[in-house]
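The chain contents come next:
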Amino acid sequence: MSLIEKLKRKDLLVFDLDGTIIPTKSPMDREMSRLFTRLLEVKKVAIIGGGKYGVFKELFVHRLKCDKKLLKNLFLFPNTSTIFYKYNHGWKKIYFLSLTVDEIKRTKKAFNDVFKKIGYEHPKKTYGVLIENRGSQVAFSVYGQDLVKILGKRGVKMKEEWKRKNTKIKMKIARLAAKKIPDLEVRAAGYTTIDVTKKGIDKAYGMHQIEKHLKIPINKMFFFGDGIFPGGNDYAIVRTGVDYKAVKDPEETKKIIREILLFYKLKT
């Protein structure tokens, strides 16, 4: 059975955001916006990612130029699905799995203790908060949360270069931090980020939350992501048994969406 034949049988398409729909922390381009607008005419779509809700809105939602009636087919699961938003005369928060004040405090201390222990030095120039409290998630970002927002494509290249040279360091920081806060989930995510949430939170958890709140069984979903490999930040979805397709980048995602729209005889 071809990919398109599988997709036509699905009630919900689930997409990772960073690296799948958009280049890391970069705005969705016009072509992707147009393709998603047409896709929402024929399919329900959920977006899941480690980024905070503000990033989802700024980089994806605000650049989605579609009729508001189509937004009823779009569902947002930011902060690794610890928050769920759906559209009903505006975006409404359905649930929020908050960290406690103590959990946030201990997480920040764990990161700083690890930095001191291994002699890690932050880049001389950083952009925004390094350890950000997102309420349901605490995220450490090597260059700060606003690198790409401030530097654009240059910031993306900096992240890519750091990832090539220093992934082992990021994994070591994540591993040592996890030992200090074993009651929480510590996960290396994206190019230069480490996320901390309540225990057991990953994209498999997110898929089950989608199933629960949208009343769509896993076997009626299809997942697209750029990190579906051992150690990748999308790999947890494999445990759910969901059908999936690994994509290399947003350009490959565009190609697949075009094929879907062609099947439904919609212009791309």
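Above: the structure in question.
> Outline the overall build of the protein chain, listing residues and values.
Scanning the protein chain from terminus to terminus reveals nine helices and eleven strands. In summary, the protein chain has a C-alpha radius of gyration of 18 Å against a globular reference of 18 Å for 268 residues, a match within 12%. With the C-alpha coordinates of the protein chain rotated into their principal frame, the extents come out at 60 × 40 × 35 Å. Counting all 268 residues of the protein chain, 52% fall into the buried class. Intrachain contacts of the protein chain at a sequence separation of at least 6 include 61% that bridge at least 24 residues. Total accessible area on the protein chain stands at roughly 13,200 Å², and carbon and sulfur atoms take up 52% of it. Separation of charge centres in the protein chain, based on 58 positive and 29 negative side chains, amounts to 2 Å.

> Could you give an account of the side chain of Ser 136, with specific residues and numbers?
Structurally, the position occupied by Ser 136 is in the loop between strand S6 (131–133) and strand S7 (138–141). Reaching out from Ser 136, the side chain makes a polar contact with the side chain of Asn 79 at a distance of 2.9 Å.

> Can you tell me about the sheet that holds strand S11 (residues 243–246), naming the residues and giving the values?
With mixed pairing, seven strands are arranged side by side in an open sheet as S5-S4-S3-S2-S1-S10-S11. Across the chains shown, the open sheet's two edge strands, defined by having one partner strand only, are strand S5 (91–96) and S11. Put simply, the sheet's adjacent strands are angled 20° from each other on average, direction ignored. Pairing of strand S2 (residues 44–48) with strand S3 (residues 74–77), which is carried by four bridges, proceeds in the parallel orientation.

> Describe the pattern of salt bridges, and please don't skip the residues or the numbers.
Under the definition given, this model contains 19 salt bridges. Two residues, Arg 187 and Glu 185, come together in a salt bridge whose shortest N-O distance is 3.1 Å. For the salt bridge of Glu 251 with Lys 254, the shortest nitrogen-to-oxygen distance reads 3.1 Å. Linking Glu 251 with Lys 254, this pair stays in helix H9 (residues 250–263), spanning three residues, or about one helical turn. Because the salt bridges share partners, they merge into one network encompassing Asp 29, Glu 31, Glu 251, Lys 254 and Arg 258.

> Go over H9 with me, naming the residues and quoting the values.
Relative to the 20 Å expected for 14 residues at 1.5 Å per residue, H9 spans 20 Å between its end C-alpha atoms, a close match to the ideal helical length. Three or more residues of H9 are buried, namely Pro 250, Thr 253, Lys 254, Ile 256, Ile 257, Ile 260 and Leu 261. What you see down the axis of H9 is that its buried residues fit within an arc of 165°, all on one side. Opposite the packed face of H9, turned more than 90 degrees from it, sit the exposed residues Lys 255 and Leu 262.

> Describe the environment of Leu 214, listing the residues and the values that go with them.
Relative to the assigned elements, Leu 214 resides in helix H8 (residues 203–214). Looking at Leu 214, the relative accessible area reads 15%, which means it is buried. Among residues more than four places away in sequence, those in contact with Leu 214 are Leu 12, Phe 75 and Phe 84.

> Which residues make up the sheet that holds strand S9 (residues 193–198), and what values go with them?
Reading across from one edge, S6-S7-S9-S8 is the order of the four strands in this open sheet, with antiparallel pairing throughout. Two strands bound the open sheet, and with one partner strand each, they are S6 and strand S8 (184–189). Adjacent strand axes in the sheet meet at a mean angle of 20° when their direction is disregarded. Sheet topology places S8 next to S9; six bridges connect them, and they run antiparallel. Directly across from Arg 187, in S9, lies its bridge partner Asp 195. Seen against the sheet, helix H5 (residues 101–118) touches S6, S7, S8 and S9 and runs at an angle of roughly 175° to S6. Packed onto the sheet, helix H7 (residues 153–180) meets S8 and S9 and runs at close to 180° relative to S8.

> Which residues make up the packing of aromatic side chains, and what values do they have?
Counted under the stated rule, the structure contains 15 aromatic pairs. For the pair Phe 84 and Tyr 95, a centre-to-centre distance of 6.1 Å together with 55° between the ring planes defines the contact as tilted. Highlighted residues: Phe 84 in strand S4 (residues 83–87) and Tyr 95 in strand S5, separated in sequence by eleven residues. Comparing Phe 84 with Tyr 95, the two get one shared label, buried. For the ring pair Tyr 87 and Trp 91, a centre distance of 5.3 Å and an interplane angle of 75° mean the geometry is edge-to-face. Taking the relative accessible area as the measure of exposure, Trp 91 reaches 17% and is therefore buried. Grouped by ring-pair contacts, the aromatic residues Phe 15, Phe 36, Phe 60, Phe 222 and Phe 224 constitute a single cluster. Directly above the aromatic system of Phe 96 lies the positively charged group of Lys 93, at a separation of 4.8 Å from the ring centroid.

Parameters and conventions
- Residues numbered from 1 in each chain as written.
- Predicted model: local features only at pLDDT ≥ 70, side-chain atom pairs only at ≥ 80, totals over all residues.
- Heavy atoms only, no water.
- Helix = DSSP H or I, 4+ residues; strand = E, 2+ residues; numbered from the N terminus.
- Rg over C-alpha atoms; globule rule 2.2 N^0.38 Å.
- Buried < 20%, exposed > 50% of the residue type's maximum accessible area, 1.4 Å probe, protein only.
- Contact = heavy atoms within 4.5 Å.
- Areas by Shrake-Rupley, 256 points an atom, 1.4 Å probe, with all protein chains shown as cover.
- Lys, Arg positive; Asp, Glu negative; His and termini not counted.
- Charge placed at Lys NZ, Arg CZ, Asp CG, Glu CD.
- Polar contact = N/O pair within 3.5 Å; in protein donor to acceptor, adjacent residues only side chain to side chain.
- Pairing = 2+ DSSP bridges.
- Axes fitted to C-alpha atoms, helices over the stretch in contact; angles between N-to-C directions.
- Salt bridge = Lys/Arg side-chain N within 4 Å of Asp/Glu carboxyl O.
- Expected span 1.5 Å × (residues − 1).
- Arc of directions from axis to C-beta.
- Phe/Tyr/Trp six-rings, centres within 6.5 Å; stacked < 30°, edge-to-face > 60°.
- Lys NZ or Arg CZ within 6 Å of the ring centre and 35° of its normal.

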